[in-house]
Amino acid sequence: MAQGADGYQLFNPRAYLQNNYTSPRANFEREDSVVPWKLRCFAASFSTGEIRGATLLDIGSGPTFYQVISACDWFGSVIMSDYLEVNREELRRWLRGEPGAFDWSPFIKYVCGLEGKRDQWQTMQQRMRERIKEVYHCDITQLQPLQPRLLEPVDAITTTFCLESVCRDKEALQQALANITSLLRPGGSLLMVGALGESYYLAGEAKLPVVPLDEAYVREAVGNAGYNIRVFKTYNMPPELQTGVDDVSGVFYLQAQKL
Ligand SMILES: C[S@@+](CC[C@H](N)C(=O)[O-])C[C@H]1O[C@@H](n2cnc3c(N)ncnc32)[C@H](O)[C@@H]1O
């Protein structure tokens, strides 16, 4: 098993999806399962109608779309991004509607259900495929994470489980947060989800190191990066969801505004 940051060369998108985005972590029959919790957090932020604009950028998307389902109602254009081509290809496969792509429909149905529109999930899925216009390469360790692409500062950024699982320590994480913040316009929103108390996770043959975070540190780092935190929520991982694919103890969700 490959360890350390180099383990990303062995990152297996399908294994990662299996570990984190199927039952028991994605059990839509159980409100206390972690994926429904994350979807409710995003839905609550967007339901205010305050987070909207031309472009939303998702950083370190991996092979997943759940983090932008609610966003697609509020932005004309959504851009996904990841460091690894295998993840970008997994995303494109779903965007093209290819057979064998991961099935995000239970996630979309759940989000639509939160708004009392479960029967309209196909319209929502179609809108996602129309509004998710690009899948870019990104490297959050670079001062300009999307280089060589240049983008006008975006209206909102989402990023889920990326910073702590890419950066080698808290200093590097603070720098990476500054790097992605440079892509956001002043007044724009950052919606971030991350692991608490985690030191590693598995994705097939890859074992990836994670910087263990706690709420106080996350609040400090986000404040230092020039944000006003509007919402901060935490979730304790129940024992039955501690399945051996990582050693996470909880998850945080935050909504912040760039000053
Ligand atoms: C734990 S996964 C998170 C995936 C997804 N956002 C989610 O919520 O499940 C971390 C992601 O960071 C990506 N990554 C690795 N190195 C990176 C880098 N230098 N810059 C940006 N993303 C990177 C990996 O390819 C992987 O998709």
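Preceding this paragraph is the structure being described.
In this report, we go over the structure that sits alongside the text. Only a predicted model underlies this, so the values are computations on that prediction, with no experimental measurement involved.

So, the pattern of salt bridges
Counted by the stated rule, this structure contains 15 salt bridges. We note a salt bridge from R88 to E85, for which the minimum N-O separation is 3.0 Å. Of this pair, R88 and E85 both sit in helix α3 (residues 85-95), three residues apart, which is roughly one turn of that helix. By relative accessible area, E85 is classed as partly exposed at 40%.

Considering the environment of S182
Residue placement: S182 occurs in the loop between α7 (170-181) and β6 (184-196). Taking the relative accessible area as the measure of exposure, S182 reaches 44% and is therefore partly exposed. Taking C-alpha positions, S182 is 14 Å from L56, a pair spaced 126 residues apart along the chain. There is a polar contact of 2.6 Å between the side chain of S182 and the backbone oxygen of N179.

Observations regarding helix α4 (residues 105-114)
An α-helical turn contains 3.6 residues, so a residue and the one three or four places further along point in the same direction. Looking at α4, one finds that the buried residues are S105, F107, I108, Y110, V111 and C112. The elements touched by buried residues of α4 are α2 (34-47), α3 and α5 (121-131). Phi turns positive one or two residues past the end of α4, at G116, with a value near 70 degrees.

What to know about the packing of α7 against helix α8 (residues 215-224)
Between α7 and α8, the shortest axis-to-axis distance is 9 Å and the interhelical angle comes to 40 degrees. As the angle between them shows, α7 and α8 are arranged oblique. Crossing of α7 over α8 shows right-handed handedness. Where α7 abuts α8, its residues K170, L173, Q174 and L177 lie against Y217, A221, V222 and N224. Residue composition of the contact of α7 with α8, by class: five nonpolar, two polar and one charged.

A word on the packing of aromatic side chains
Using the criterion set out here, one finds 18 aromatic pairs in the structure. Between F28 and F107, the aromatic rings sit 5.1 Å apart at their centres with planes inclined by 75 degrees, giving edge-to-face as the arrangement. Placement of F28 in the loop between α1 (13-20) and α2 and of F107 in helix α4 is noted, with a sequence separation of 79 residues between them. Measuring from centroid to centroid gives 6.4 Å for F46 and F75, while their planes differ by 90 degrees, and the two rings are edge-to-face.

Overview of the side chain of S77
Mapped onto the elements, S77 comes out in strand β3 (residues 75-82). In this structure, S77 is in contact with A54, T55, L56, R131 and K133, ignoring residues within four places of it in sequence.

Here's the deal with the nonpolar core
It is characteristic of soluble globular proteins that their nonpolar side chains tend to be buried jointly. Counting residues in each nonpolar core, the largest one holds 57 residues, and the members touching the most others are Y21, F65, W104 and F107. Counting residues per element, this core draws most heavily on α2, which supplies seven residues. Those residues in contact with F65, other than ones at most four positions away along the chain, are M80, L91, W94, L95, W104, M128 and I132. Within the second largest apolar cluster, 34 residues are counted, among which are A176, A221, V222 and F232.

Some thoughts on empty space enclosed by the protein
One pass over the structure, following the stated rule, counts two cavities of 30 Å³ or more. What lines the largest cavity is a set of 16 residues, and nearest its centre among them are Y16, N20, R25, F161 and D246. Breaking the lining of the largest cavity down by element, the ones donating at least two residues are α1, α2 and α6 (163-166). With three residues, α2 is the single largest residue contributor to the lining of the largest cavity. Broken down by class, the residue content of the lining of the largest cavity amounts to nine nonpolar, two polar and five charged. The space that makes up the second largest cavity amounts to roughly 60 Å³. Looking at the second largest cavity, the residues that line it are L163, E164, L173, L177, M192, L213, V218, A221, V222 and F252. Only α6, α7 and α8 provide two or more residues apiece to the lining of the second largest cavity. Top element by residues in the lining of the second largest cavity is α8. It accounts for three residues. Residue composition of the lining of the second largest cavity, by class: nine nonpolar, no polar and one charged.

Conventions we followed
- Within every chain, residues take consecutive numbers counted from 1 along the sequence as written.
- Only residues with pLDDT of 70 or above have their local features reported here, since the model is predicted, and side-chain atom pairs are shown and tallied only from 80 upward, although totals for entire chains, interfaces and linings are computed over all residues.
- Only hydrogens and water are set aside when side-chain values are computed; all heavy atoms of the structure are taken into account.
- One speaks of a salt bridge when a side-chain nitrogen belonging to Lys or Arg is within 4 Å of a carboxyl oxygen belonging to Asp or Glu.
- Secondary structure elements follow DSSP: runs of H or I no shorter than four residues count as helices, runs of E no shorter than two count as strands, and numbering proceeds from the N terminus.
- Only protein chains enter the calculation, and the probe is 1.4 Å; a residue is then buried if its accessible area is under 20% of its type maximum, exposed if over 50%, and partly exposed in between.
- Within 3.5 Å is the distance limit for a polar contact, defined as a pair of N or O atoms, with the added protein rule that one can donate a hydrogen and the other accept it, and that residues adjacent in sequence qualify only through two side-chain atoms.
- Should any heavy atoms of two residues lie within 4.5 Å, those residues are counted as being in contact.
- Here the axes come from fitting lines to C-alpha atoms, over the contacting stretch only for helices, and the angles between their N-to-C directions go from 0 to 180 degrees.
- Any angle from 65 to 115 degrees is called roughly perpendicular, while one under 35 is roughly parallel, one over 145 is roughly antiparallel, and all others are oblique.
- Crossing handedness is read from the near helix: turned anticlockwise from the far helix by less than a right angle, it gives a left-handed crossing, and turned clockwise, a right-handed one.
- Note that Gly is not counted as nonpolar here; it falls among the polar residues with everything else outside the nonpolar set of Ala, Val, Leu, Ile, Met, Phe, Trp, Tyr, Cys and Pro and the charged set of Asp, Glu, Lys and Arg.
- Note on aromatic pairs: the rings of Phe, Tyr and Trp (six-membered ring only in Trp) are paired at centre separations within 6.5 Å, and the planes decide the class, stacked below 30 degrees, edge-to-face beyond 60, tilted for the rest.
- We call a set of buried residues a nonpolar core when its members are Ala, Val, Leu, Ile, Met, Phe, Trp, Tyr or Cys and they connect through side-chain atoms within 4.5 Å of each other.
- Detection works on a 1 Å grid of protein atoms alone, calling trapped sets that fit a 1.4 Å probe cavities and calling open sets with protein on both sides within 12 Å along at least five of seven lines pockets, with lining residues defined by an atom within 4 Å of a point.
- Grid points are joined across faces, edges and corners, and a volume is the space filled by probe spheres set on the points.

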